[in-house]
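Listed below, chain by chain, are the residues.
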Amino acid sequence: MLIGANWKMNPRTFSEAKELCRGVSGSEGVDVVLFPPAVYLRQLAEAFPHILFGVQNVYWESEGAFTGEMSLGMAREAGAHYVLAGHSERRQHFGETDEMVSKKVAAALAKGFSVILAVGEATKGDDKSIVIESLKRSTQNVAETDMTRLTVAYEPIWAISTSENHEDATPEYAQEMIHTLKQEVAVGYIYGGSVSIDNVAGFLQQPDIEGALVGGASLKKDEFNEIISVARSLKK
Ligand code: 13P
C-alpha cells in the first residue's frame, strides 16, 4: 500500500511544513511518501529521517542552462527517493506534454528513484482511450527492468478538489478505469482525486487500487494520519 501526500505549492511557511511532518507516523505495511515544495525538502528530510520524501517535479538533464529546473541528482542530494511526474497541474499550467513526462519518468527510474506517474482525463465522460494513449506515451521510454519502481496514479482531473465544479469519482468508476489501464501497462496503481477520510476506504477496498495520492486532505495533519490508519487496516 502506498499513500502519497502531494502538498502542491503549500503550506505557506517552512514552520507549517515541519508541523505537518511531525504528525506523520511511520507505518508497517504502508509506504507513506510526502511531496513537499522542493525548497523545503532538504531541511525536512534531515529533520525527519524516518519519513520518505519525493519531489513534485524534476528535469531529465543532469546539469546546465535550464533556469528554474532541478536535476535528479539535486533531488537525491536533498533527500528525495520518489519523483512525481505528469501531474495534471503541471500538464495544464506549465505545458508538460506526454513526451516530456516520458523523459522525466525514464530518467528518474534509470537513476534509481521510485516514480509516481499521474494520468487522468479532463472531463467526466471523456473516452477511456484518451487516458490509455496518454499513459502509453508517458511510459514509452521506460526500460522493462525499471517497471517495478513505477506506480501510476489515476487522477481524473474533474475529481481533483481544486478543479472548477469538481465531482467525486466513485470507487467503482476508479476501479473500472484502473483495471483497464492495468491491462495496457502492468504496474501498481493508486487513486487520486478528493481522497478524504470519508471516502478513502471505498477506494482502497477496490481490487486494483493499491493506495492513494492525497492533495488537500494531506495538508490537514489529523485527517492525513487517519487516512494512513485506514490504509494500514486494509493493507494489501
Ligand atoms: P485533491 O486530493 O485535493 O483532490 O488533490 C488530488 C491531487 O491532485 C493529488 O495529486
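Residues numbered from 1 in each chain as written. Predicted model: local features only at pLDDT ≥ 70, side-chain atom pairs only at ≥ 80, totals over all residues. Heavy atoms only, no water.

S.K.: Can you walk me through empty space enclosed by the protein in this structure?
M.R.: Gaps left between atoms show up when a probe the size of a water molecule is rolled over them. Under the counting rule described, the total for this entry stands at one cavity of 30 Å³ or more. Estimates place the volume of the largest cavity at around 40 Å³. It is helix α9 (residues 221-233) that provides the largest number of residues to the lining of the largest cavity, a total of three residues. The class makeup of the residues in the lining of the largest cavity is three nonpolar, three polar and one charged. (1 Å grid on protein atoms, 1.4 Å probe; cavity = no way out; pocket = protein on both sides within 12 Å on 5 of 7 lines; lining within 4 Å. Points joined across faces, edges and corners; volume = space filled by probe spheres on them. Helix = DSSP H or I, 4+ residues; strand = E, 2+ residues; numbered from the N terminus. Nonpolar A, V, L, I, M, F, W, Y, C, P; charged D, E, K, R; others polar.)

S.K.: Even after reading the chapter, I still don't get the site of the ligand, so can you show me in this structure?
M.R.: Asn-6, Lys-8, His-87, Glu-155, Ile-160, Ser-161, Gly-193, Ser-194, Val-195, Leu-213, Gly-215 and Gly-216 make up every residue found near the ligand. For the ligand, an oxygen atom lies 2.9 Å from a polar atom in the side chain of Glu-155. Bound to the protein, the ligand loses 98% of the 300 Å² it would expose on its own. In terms of residue class, the shell around the ligand is built from three nonpolar, seven polar and two charged. (Near = heavy atom within 4 Å. Polar contact = N/O pair within 3.5 Å; in protein donor to acceptor, adjacent residues only side chain to side chain. Areas by Shrake-Rupley, 256 points an atom, 1.4 Å probe, with all protein chains shown as cover.)

S.K.: Got a minute to help me understand unusual backbone geometry in this structure?
M.R.: Residues apart from glycine generally show negative phi values, whereas peptide bonds are mostly found in trans. Residue Pro-11 is reached from Asn-10 by a cis peptide bond, and omega for that bond is -15 degrees. Secondary-structure assignment places Pro-11 in the loop between β1 (2-6) and α1 (14-22). A positive phi angle, near 50 degrees, is found at Asn-165, a position not held by glycine. For Asn-165, the location among the structural elements is in the loop between β6 (150-154) and α7 (171-184).

S.K.: Explain the sheet that holds β1 here, please?
M.R.: Each strand in a sheet pairs with its neighbour through backbone hydrogen bonds, running either in the same direction (parallel) or in the opposite one (antiparallel). Spatial strand order, β1-β2-β3-β4-β5-β6-β7-β8: eight strands in a closed barrel with parallel pairing. Each adjacent strand pair in this sheet contributes to an overall mean axis angle of 25 degrees, direction not counted. Both strand β7 (residues 188-192) and strand β8 (residues 211-214) contribute to a ladder of two bridges, which runs parallel. Opposite Gly-192, over in β8, you have Leu-213 as the bridge partner. Those strands touched by helix α6 (residues 128-138) are β5 (114-119), β6 and β7, and its axis lies near 150 degrees from that of β5. Most of the contacts of α7 go to β7, to which it runs at about 150 degrees, and overall it touches β5, β6 and β7. (Pairing = 2+ DSSP bridges. Axes fitted to C-alpha atoms, helices over the stretch in contact; angles between N-to-C directions. Contact = heavy atoms within 4.5 Å.)

S.K.: Help me out: how do you make sense of helix α5 (residues 98-110) in this one?
M.R.: Residue pairs three or four apart in sequence face the same way in an α-helix, which turns once every 3.6 residues. Look at α5: 18 Å from first C-alpha to last across 13 residues, which is about the 18 Å you get at 1.5 Å a residue. Where α5 is concerned, the buried positions are Asp-98, Val-101, Ser-102, Lys-104, Val-105, Ala-106, Ala-107, Ala-108 and Leu-109. Considering only its buried residues, α5 is in contact with α3 (72-78), β4 (82-85), α4 (88-94), β5, α6 and β6. (Expected span 1.5 Å × (residues − 1). Buried < 20%, exposed > 50% of the residue type's maximum accessible area, 1.4 Å probe, protein only.)

S.K.: Help me understand the pairing of β8, please; the structure alone is not making it clear to me.
M.R.: Looking down a regular strand, the side chains alternate between one sheet face and the other. Burial along β8 is two-sided: the face carrying Gly-211 and Leu-213 and the face carrying Ala-212 and Val-214 are both buried. Taken together, the four bridges between β1 and β8 define a ladder with parallel strand orientation. Note on β8: the bridge partner recorded for Ile-3 is Ala-212.

S.K.: I tried to follow the nonpolar core on my own but got confused; where do I start?
M.R.: Formed by 70 residues in total, the largest nonpolar core has its most connected members in Ile-3, Leu-34, Phe-53, Val-105, Leu-181, Tyr-191 and Phe-224. Setting aside its immediate chain neighbours within four residues, Ile-3 contacts Val-30, Asp-31, Val-32, Val-33, Leu-204, Gly-211, Ala-212, Val-214, Phe-224, Ile-227 and Ala-231. Of all hydrophobic cores here, the second largest spans ten residues; its members include Val-33, Phe-35, Ile-116 and Ile-190. (Core = buried A, V, L, I, M, F, W, Y, C linked by side-chain atoms within 4.5 Å.)

S.K.: Before we go on, may I ask you to explain the packing of α5 against α6 in this structure?
M.R.: If you want to describe how two helices pack, look at the angle between their axes and the distance between the axes. Closest axis-to-axis distance for the α5/α6 pair is 7 Å, and the angle between their directions is 45 degrees. Classed by the angle they form, the pair α5 and α6 counts as oblique. Contact with α5, carried on its side by Asp-98, Val-101, Ser-102 and Val-105, involves Ser-134, Arg-137 and Ser-138 of α6 and no other residues of that element. Residues belonging to the contact of α5 with α6 are distributed by class as follows: two nonpolar, three polar and two charged. (Parallel < 35°, antiparallel > 145°, perpendicular 65-115°, else oblique.)

Remember that the coordinates give geometry; whether it matters functionally is a separate question.
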